[in-house]
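Per-entry structural report
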Amino acid sequence: MVTVFGLGFVGLTTALGFAHLGYKVYGIDVDHQRRETLQNGKLPFLEPQMEDELKHHLNKNFIITEDIEQAVSDSEYIFYCVGTPYGKEGSADLTYLFSAIDTTIAAIKDERYRILITKSTIPPSTTAEKIYPYVQGKGQVAQHIGIANNPEFLREGHCWDDFIHADRIVLGCNDTVSEKMLKKLYEPMGIPIYCVSYTTSEFIKYLSNTLLATMISYSNEMSHIADTIGGIDVADAFHILHMDKRWNHCDMTSYVYPGCGYGGYCLPKDTCALFAQSVAKGFEPPILKHVIETNQNRAKIVAEKIIQGQHRDDVIGILGLSFKPGSDDVRDSAAYKVIKELQNLGYNKIVAFDPAAMQEFRRAYPDINIQYLSSAEEVYNCSNIVAMITAWDSFLELAATKMEKTIDCRYALSRSI
Ligand SMILES: NC(=O)c1ccc[n+]([C@@H]2O[C@H](COP(=O)([O-])OP(=O)(O)OC[C@H]3O[C@@H](n4cnc5c(N)ncnc54)[C@H](O)[C@@H]3O)[C@@H](O)[C@H]2O)c1
């Protein structure tokens, strides 16, 4: 059996994924409301296909429980999928992870071999320097515990598909028993498995996320250069770049494209965490430093573009509040940063609409005082100028008919190619 701590995007997907493979899975989450929502067969976030999987496996292969002792007692595999948010000076906050590890160890009452597997994103060297010694320090019980790192590469909005059809499974192990057991667990998926050291495994996850962040900051800087020089059609330029056969038909092109800066739960915090970890180890990485700075400055550049030719009394419409289309996740969303910048510049008459994320945005950012409207049409009717911050498909048709009133902050409309 498998136990999963943390039933967010990663944990719920992992739990349901293993349930789908036929394993019995316990799901544990400290958030009472989240447990209740899931227990009612509902998702606490927008994620295609997952609600069907939840309904299918709930109370059969997937059991949401508060009885941690029972879950741990029955399980050989304990996965940690808890949050690792911003900590001090951009480093990763490992509080939730260690709390879940403590809870697990306190619940172990026998000598059965178990593996504690971190799926949460943790900075390179955390397992070797913090988790492994910490568990070893727990005495007798540590003799029957294996430790592993198993980063997750899924994208929000595609969680299920990315888990079930993952490109590769990365396992960071330092003992053959754990490695063998984990390979056995994942084998039915038929996905290539790569076993590496703890630190290599952790590093691979950051390699991936910081490369994506770098491509986005690079693209944003390029679009700023283009705007500064003038006479350049940014959307056309990037689309023609993508026609290069080294890029063509490659999903990465969406990251090599300008917009409002990278947001969401992962890229901002993970880029900061790797930067902080490298600085702590004695090297200040100049490229990552500028990637972060470029991203931090992006909202201001976007806000200044929106207000060009406007007066402070004008109403500014915002289309899109989630960090990307198809998601209701507003963590580190560009919309928040752009609205903040607009307000700092003295533009306080702001109206907004998002097809999925309005409730979440209002809850997450109570400091933001804007008027929430019920459709994109209403935003156009009430505003002097409308900024498309998140390019939901449902905005595109309407926005394309109102180009003169639209600031296309995602370069989603203006391409002629
Ligand atoms: N969201 C993504 O796209 C994504 C992709 C890959 C990796 N990751 C990484 O995976 C981890 C989880 O991300 P997420 O987006 O699923 O987070 P999330 O915020 O959606 O979910 C985390 C869950 O953990 C729960 N939790 C916290 N402490 C707990 C504890 N002690 N015991 C049980 N549950 C606890 C929270 O209540 C919450 O429901 C992070 O490290 C993140 O960086 C996220």
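Located above this text is the structure these notes cover.
In this report, we go over the structure that sits alongside the text. Since we're looking at a predicted model, the values are computed, not measured.

Another aspect to go through is the site of the ligand. In the neighbourhood of the ligand, 27 residues make up the surrounding shell, with Val-10, Asp-29, Thr-84, Glu-156 and Lys-269 lying closest. At 3.4 Å from a nitrogen atom of the ligand is found a main-chain nitrogen or oxygen belonging to Gly-6. In this structure, a nitrogen atom belonging to the ligand sits 2.8 Å away from a side-chain N or O atom of Glu-156. In isolation the ligand has 830 Å² of accessible area, and contact with the protein removes 92% of it. Among the elements of the structure, helix 1 (9-20) and helix 5 (95-107) are those that each provide at least two residues to the shell around the ligand.

For helix 12 (residues 286-307), with 22 residues, the first-to-last C-alpha span of 32 Å sits near the 32 Å given by 1.5 Å per residue. Taken together, the buried positions of helix 12 are Leu-288, Val-291, Ile-292, Thr-294, Asn-295, Arg-298, Ala-299, Val-302, Ala-303, Ile-306 and Ile-307. Of the residues flanking the end of helix 12, it is Gly-309, one or two places downstream, whose phi is positive at about 80°.

This paragraph deals with the layout of surface pockets. In this structure, the second largest pocket occupies an estimated 210 Å³ of space. Lining the second largest pocket are 13 residues; nearest its centre among them are Asp-227, Ile-232, Val-234, Lys-305 and Tyr-411. Broken down by secondary-structure element, the contributors of at least two residues to the lining of the second largest pocket are helix 9 (198-229), helix 10 (234-242) and strand 13 (406-408). Broken down by class, the residue content of the lining of the second largest pocket amounts to six nonpolar, three polar and four charged.

Taken together, eight strands build an open sheet; the order of strands is 3-2-1-4-5-6-7-8 and the sheet is mixed. If you trace the sheet from one side to the other, it starts and ends with strand 3 (62-64) and strand 8 (193-196), each paired once. Averaged over neighbouring strand pairs, the angle between their axes works out to 25° when direction is ignored. Examined bridge by bridge, strand 1 (residues 2-5) and strand 4 (residues 77-80) share four bridges and lie parallel to one another. Paired with Val-4 across the strands is Phe-79, a residue of strand 4. Helix-sheet contacts for helix 8 (residues 176-186) involve strand 1, strand 4, strand 5 (114-118), strand 6 (145-149), strand 7 (169-173) and strand 8, and the interaxial angle to strand 7 is about 160°.

Here the focus is the nonpolar core. Grouped together as the largest cluster of nonpolar side chains are 48 residues, with contacts concentrated most on Phe-5, Tyr-80, Ile-101, Leu-116, Ile-131, Val-135 and Ile-145. Among the elements that take part in this core, helix 9 stands out by supplying seven residues, more than any other. Here this core spans two domains, and each of domain 1 (2-196) and domain 2 (259-408) adds at least three residues to it. When near neighbours in sequence (up to four residues on either side) are disregarded, Phe-5 contacts Ile-28, Ile-68, Ile-78, Phe-79, Tyr-80, Cys-81, Val-82, Ala-100, Thr-103 and Thr-104. Formed by 47 residues, the second largest nonpolar core is a distinct cluster that contains Cys-260, Ile-316, Phe-353 and Ile-389.

Scanning the entire structure with this criterion turns up 12 aromatic pairs. For the pair Phe-238 and Tyr-257, a centre-to-centre distance of 5.8 Å together with 75° between the ring planes defines the contact as edge-to-face. A residue pair is termed long-range when its members are at least 10 positions apart, and Phe-238 in helix 10 and Tyr-257 in the loop between helix 10 and helix 11 (267-280) qualify at 19 residues. There is no split in this pair, since Phe-238 and Tyr-257 are both buried. Joined through ring pairs, the aromatic side chains of Phe-18, Tyr-23, Phe-79, Phe-163 and Tyr-186 make up one cluster. Seen from the ring of Tyr-265, Arg-331 lies directly overhead, with NZ or CZ sitting 3.8 Å from the centre. Geometry around Tyr-380 places Lys-402 over its ring, the cationic atom sitting 5.8 Å from the centre.

A few words now on the pairing of strand 5. By the criterion of burial, strand 5 is predominantly enclosed, with five of the five residues buried. Side chains of strand 5 alternate between two faces, with Arg-114, Leu-116 and Thr-118 and Ile-115 and Ile-117 buried alike. Bridge count for strand 4 against strand 5 is four bridges, and the pairing is parallel. Paired with Tyr-77 across the bridge in strand 5 is Ile-115. Considered for its hand, the β-α-β crossover made up of strand 4, helix 5 and strand 5 is right-handed. For the crossover from strand 5 across helix 6 (residues 126-136) to strand 6, the handedness is right-handed.

Further remarks concern the side chain of Asp-314. Take Asp-314: it is sitting in the loop between helix 12 and strand 9 (316-319). Of the side chains with opposite charge, Lys-349 comes closest to the buried, unpaired Asp-314, at an N-O distance of 7.6 Å. Residues within four places of Asp-314 in sequence aside, it is in contact with Lys-349 and Asn-384.

What follows is about the pattern of salt bridges. Taken as a whole and judged by the stated rule, the model has 19 salt bridges. Where Glu-152 meets Lys-119, a salt bridge forms, and the shortest distance between an N and an O atom there is 3.0 Å. Within this pair, whereas Glu-152 is found in the loop between strand 6 and helix 7 (159-164), its partner Lys-119 is found in the loop between strand 5 and helix 6, the two being separated by 33 residues in sequence. Both residues of the pair, Glu-152 and Lys-119, belong to the buried class. A network of salt bridges, in which partner residues are shared, links Glu-156, Asp-329 and Arg-331.

Attention now moves to the sheet that holds strand 12 (residues 385-388). Spatial strand order, 11-10-9-12-13: five strands in an open sheet with parallel pairing. If you trace the sheet from one side to the other, it starts and ends with strand 11 (371-372) and strand 13, each paired once.

Rules used in this analysis
Residues numbered from 1 in each chain as written. Predicted model: local features only at pLDDT ≥ 70, side-chain atom pairs only at ≥ 80, totals over all residues. Heavy atoms only, no water. Near = heavy atom within 4 Å. Polar contact = N/O pair within 3.5 Å; in protein donor to acceptor, adjacent residues only side chain to side chain. Areas by Shrake-Rupley, 256 points an atom, 1.4 Å probe, with all protein chains shown as cover. Helix = DSSP H or I, 4+ residues; strand = E, 2+ residues; numbered from the N terminus. Expected span 1.5 Å × (residues − 1). Buried < 20%, exposed > 50% of the residue type's maximum accessible area, 1.4 Å probe, protein only. 1 Å grid on protein atoms, 1.4 Å probe; cavity = no way out; pocket = protein on both sides within 12 Å on 5 of 7 lines; lining within 4 Å. Points joined across faces, edges and corners; volume = space filled by probe spheres on them. Nonpolar A, V, L, I, M, F, W, Y, C, P; charged D, E, K, R; others polar. Pairing = 2+ DSSP bridges. Axes fitted to C-alpha atoms, helices over the stretch in contact; angles between N-to-C directions. Contact = heavy atoms within 4.5 Å. Core = buried A, V, L, I, M, F, W, Y, C linked by side-chain atoms within 4.5 Å. Domains from an automatic or database assignment. Phe/Tyr/Trp six-rings, centres within 6.5 Å; stacked < 30°, edge-to-face > 60°. Lys NZ or Arg CZ within 6 Å of the ring centre and 35° of its normal. Right-handed = clockwise from strand over helix to strand, strands pointing away. Lys, Arg positive; Asp, Glu negative; His and termini not counted. Salt bridge = Lys/Arg side-chain N within 4 Å of Asp/Glu carboxyl O.

Worth remembering: the numbers are spatial, not functional.
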